[in-house]
Structure formats: structure tokens, C-alpha cells
Amino acid sequence: MSTLRPHFSSAGFKHGARLAVPAFPGFIMFALAFGAAAAQKGLSLGETLGLSAFVYAGASQMVGLEIWQKVWTPSTILTIITVTAVVNVRMILLGATLQPWLRDEPKLRSALNLFLLTEAGWIISTRYHSEGGRDVGILLGSAAILYVVWLGATLAGYFAGAFVPDPRRFGLDLVMPVFFSIMLVPLWKGVRPALPWLVAGLVSLVVHALVPGYLFIAAGALAGVVAGMLIE
């Protein structure tokens, strides 16, 4: 039985890794898709692995591919930073929920936990915490194994995509739009909750038509948030 105070143990780390196994298929498919899309976009192996290793956020990485340029300018760098931040802003809320669990942890281990934080790891760990568990090893163990799986699948996806000479022939140019479309399906909860999506999409289309660049991504996201607040 776990003690009431948060603590860290190697047994908890191993148990967290085992709890993460059901999340492997989703991670593998997403990372394979990203690796293949990055290869077809013309990124080098180092650039592709760097994105997966340091950004480590599938949706942001996919969006980043759309903005990726061979020649970088300060405005392009600012754009990709802004877009990545907007897409990942949800991590602020996820991280805040872990504060009671991590507040007594060493700063370096807390920083590692937060860097490796994903929705899958968060769900695994918060469910364990809600059931009375307090071993922080669960959080780090599940996060660490998912990170390794992510990098390995990115590598496999990159080589798979790089060996296809004509991506359009096999439909690989549709990887990103199809993937994002599939992601929306399990989020469907009825017409009312979907209204912010509709507002975000319409605002994005209008801004994209009127303003050059990638401002439409931030505009659509903010419009969706405001619409959701008003509807609720």
C-alpha cells in the first residue's frame, strides 16, 4: 500500500512503464506518420529526430512541417515558435494539475517529468493518483518508455518514407490531412460541442484568404477558445 506522501521508487518506475504499454499503438502510428511525412518534406534524419526529441509533441510537429522552410528568416522562426506554442498551450494546464504531486520532488526530476509529459502519460498517472497512489516513479516510468517508443517509431517512419520515390503515387502527401481528420472522429460529442470547431475552421479560412503567412492557425485557435467560452 502506498504512503500518503509523494515519493519515488524504481519499482514505481517499472510499473509506470508497464502501464504505458496500451498507449504504444497510438504513439507508434503517429510517430510513423510524422517520420514518413518529414522524409517526404525533405528534412534530414537529424532534423526529423531533433523535432521528435526536443519538440516532442505530435500535433505541433505536424504543423511545423507545414511551415518548414529550407531557408530560414527571423519571421519564419517567430512563426513556427508561435504556432507551436499555440498548439501546445494545453500543456500548461496539464502541468498545473501535477503540482501537488511534484512540489516536493527534486527540481531536475520535476523538469524531466514535465518535459516528457504527454496526454497519455498524464491520463495514466492521474488515474493512478486518483486511486490513492503517490509513487512519482509511475509518472516518470510511463513518460520515459513512451518517449523511447516515439523516437524509435519516428526513425522507422523516416526510413519508410525516404525509400518511396514518388510519394503522391502512394498517397503519402495525404498523411497529414488524413491523420488530423482521423484525430477529430473520437472527439465528436454532438453538434453543440462541435460549434467551436466550426468557428475555428471558418475564422482560419477567412484569415488565410486575407492575410499571408500562418496567422490563420493562431487566429482559428483563439476564435475556437472564445466560441467555446461563450457557448458554455
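Now for a description of the structure that goes with this document. Everything quoted here is computed from the prediction, not taken from an experiment.

1. A word on a nonpolar patch on the surface
- Together, Trp188, Val191, Leu195, Trp197, Leu198, Leu202 and Leu205 make up a nonpolar patch on the protein surface, roughly 730 Å² of accessible area in all.
- Looking at the element boundaries, Leu198 is found in helix α12 (residues 191-210).
- Leu198 sits in the exposed class, given a relative accessible area of 51%.

2. Side note on the nonpolar core
- Judged by nonpolar contacts, the single largest core of 32 residues is most densely connected at Phe27, Tyr56, Leu65 and Leu146.
- Listed by contribution, the elements that provide at least two residues to this core are α2 (24-41), α3 (45-55), α4 (58-67), α5 (74-88), α9 (119-130) and α10 (137-162).
- Core analysis: the second largest hydrophobic core is formed by nine residues, Leu94, Leu102, Ile138 and Leu139 among them.

3. Here we look at the packing of aromatic side chains
- Applying the stated criterion to the full structure yields eight aromatic pairs.
- Summarising the aromatic geometry, the rings of Tyr56 and Trp150 are spaced 6.1 Å apart at their centres and angled 70° between planes, so their arrangement reads as edge-to-face. Here Trp150 lies in helix α10 and Tyr56 lies in the loop between α3 and α4, a separation of 94 residues in the sequence.
- On the basis of an interplanar angle of 90° and a centroid distance of 5.0 Å, the ring pair of Trp68 and Trp72 is categorised as edge-to-face.
- The exposure class assigned to Trp68 is buried, which follows from its relative accessible area of 18%.
- Trp72 sits in the partly exposed class, given a relative accessible area of 33%.
- Put simply, the rings of Phe27, Phe30, Tyr56, Phe115, Tyr147 and Trp150 pair up and form one aromatic cluster.
- Over the ring of Phe8 we find Arg109, and its NZ or CZ is 4.1 Å from the ring centre.

Conventions adopted
- Residues numbered from 1 in each chain as written.
- Predicted model: local features only at pLDDT ≥ 70, side-chain atom pairs only at ≥ 80, totals over all residues.
- Heavy atoms only, no water.
- Patch = residues over 30% accessible without salt bridge, like charges linked within 9 Å, V, L, I, M, F, W, Y side chains within 5 Å.
- Areas by Shrake-Rupley, 256 points an atom, 1.4 Å probe, with all protein chains shown as cover.
- Salt bridge = Lys/Arg side-chain N within 4 Å of Asp/Glu carboxyl O.
- Helix = DSSP H or I, 4+ residues; strand = E, 2+ residues; numbered from the N terminus.
- Buried < 20%, exposed > 50% of the residue type's maximum accessible area, 1.4 Å probe, protein only.
- Core = buried A, V, L, I, M, F, W, Y, C linked by side-chain atoms within 4.5 Å.
- Phe/Tyr/Trp six-rings, centres within 6.5 Å; stacked < 30°, edge-to-face > 60°.
- Lys NZ or Arg CZ within 6 Å of the ring centre and 35° of its normal.

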